[in-house]
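# Working through the structure, step by step
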Amino acid sequence: MNDPHTPWNHIRGMQPQSFCDWPGHVSAVLFTGGCNLHCPTCHNAGLAWHPEEHPLVGRETVLTHLQSHRNWLDGVVITGGEPTLVPGLDQLCRDCLDCGLPCKLDTNGMRPDVVAELLEQDLLSLVAVDVKGPWSKYPELTGKACTPEQAQSCLEQIFALSKRYPGRFAFRCTKVPPLSEDDLAATKTLIPTGMELTFQDYIPPRPH
Ligand code: SF4
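Here's a quick rundown of the structure. Predicted model only: the values in this text are computed from it and were never measured. (Residues numbered from 1 in each chain as written. Predicted model: local features only at pLDDT ≥ 70, side-chain atom pairs only at ≥ 80, totals over all residues. Heavy atoms only, no water.)

A few words now on the pairing of strand β4 (residues 103-107). Burial within β4 is extensive, with 5 of its 5 residues counted as buried. The alternating pattern of β4 places C103, L105 and T107 on one face and K104 and D106 on the opposite face, and all of these are buried. The pairing of strand β3 (residues 75-79) with β4 spans 3 bridges and is classified as parallel. Note that in β4 the partner of V76 across the bridge is C103. Tracing the backbone out of β3, into helix α3 (residues 89-98) and back to the parallel element β4 gives a crossover that is right-handed. Pairing between β4 and strand β5 (residues 126-130): 4 bridges, direction parallel. Directly across from T107, in β5, lies its bridge partner V129. Handedness of the β4-helix α4 (residues 112-120)-β5 crossover: right-handed. (Buried < 20%, exposed > 50% of the residue type's maximum accessible area, 1.4 Å probe, protein only. Helix = DSSP H or I, 4+ residues; strand = E, 2+ residues; numbered from the N terminus. Pairing = 2+ DSSP bridges. Right-handed = clockwise from strand over helix to strand, strands pointing away.)

Okay, structure coming up:
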């Protein structure tokens, strides 16, 4: 029943309607549990590190909502946690597309191979990638889950994909406390020419 290889058994939250998760789109937002990073500034720490504490939403609940609201929705945002960890993510995208709704993926960019496969299958309309800061700050920014070399290698593969699939990528950086103005300026230089890096203010998570 609870087959971990089914992507639907990793959906731990759904926002039925959002106006801010996909600019210009009214979207349904699906939250996957689990993450490969451990950012001290994480806003979804419970979902990222203790997904089993969040009940599954269920395929039928999600697809019933998508089908019955397809005329009011413009797309589906798949976010987390880190959605690229979910096995069979392509099937999840296909099920959303079968409802007539395109998909946006939010990712930390640490699994570029998964993003590449989804793009090759034309399953994603937009990929929003968090660029957390200069490579040297990745250990501090990710709770030591990632070395500068790993961050650089993965994100440079993502940047290469953004050139291969123009118009399909958005890059953003959150101005978390460890980042200085110099760090923010250095982060901007990492982004491929012609692409933008959007900075967003950091709002500390509310204490539980
Ligand atoms: S990558 Fe995102 S979800 Fe994962 S720990 Fe960092 S902020 Fe949280």
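From this point, things continue past the structure.
Moving on, we come to α4. The set of residues buried in α4 consists of P112, V114, V115, A116, L118 and L119. Buried residues in α4 make contact with α3, β4, β5, α6 (148-164) and β6 (169-175). Looking one or two residues past α4, D122 carries a phi angle of roughly 55°, positive in sign. (Contact = heavy atoms within 4.5 Å.)

Attention shifts here to unusual backbone geometry. Of the consecutive residues G80 and G81, the connecting peptide bond is found in the cis state with omega at 10°. Position of G81 relative to the elements: it lies in the loop between β3 and α3. Residue D122 is not a glycine yet carries a positive backbone phi of 55°. Its location among the elements puts D122 in the loop between α4 and β5. You will see that K144, though not glycine, has its phi angle at about 60°, which is positive.

Further remarks concern the sheet that holds β6. Taken in spatial order, the 7 strands of this open sheet run β1-β2-β3-β4-β5-β6-β7, and their pairing is mixed. This sheet does not close on itself; its edge strands, each paired only once, are β1 (11-18) and β7 (197-201). The average angle at which neighbouring strand axes cross in this sheet is 20°, direction not considered. Bridge count between β1 and strand β2 (residues 27-32): 5 bridges; the pairing is antiparallel. Across the sheet, the residue bridging to S18 is S27, located in β2. Of the strands in this sheet, β4, β5 and β6 touch α4, which is tilted by about 170° from β4. Set on the sheet, helix α7 (residues 181-190) makes contact with β6 and β7; between it and β7 the angle comes to about 150°. (Axes fitted to C-alpha atoms, helices over the stretch in contact; angles between N-to-C directions.)

Ranked by internal contacts, the top residues of the largest apolar core, which has 52 residues, are L66, L155, F169 and F171. Ignoring any residue separated from it by four or fewer positions in sequence, one finds F171 in contact with V129, V131, I158, F159, S162, I191, P192, M195, E196, L197 and T198. (Core = buried A, V, L, I, M, F, W, Y, C linked by side-chain atoms within 4.5 Å.)

Turning our eyes to something else, we now look at the packing of α4 against α6. A pair of packed helices is characterised by two quantities: the angle between their axes and the separation of those axes. Axis separation between α4 and α6 bottoms out at 9 Å; the angle between their running directions is 15°. Regarding the angle of α4 to α6, the classification is roughly parallel. In this structure, the crossing between α4 and α6 has a hand that is left-handed. In contact with P112, V115, A116, L119 and E120 of α4, α6 contributes C154, Q157, I158, L161 and R164. A per-class count over the contact of α4 with α6 returns 7 nonpolar, 1 polar and 2 charged. (Parallel < 35°, antiparallel > 145°, perpendicular 65-115°, else oblique. Left-handed = near helix turned anticlockwise from the far one by under 90°. Nonpolar A, V, L, I, M, F, W, Y, C, P; charged D, E, K, R; others polar.)

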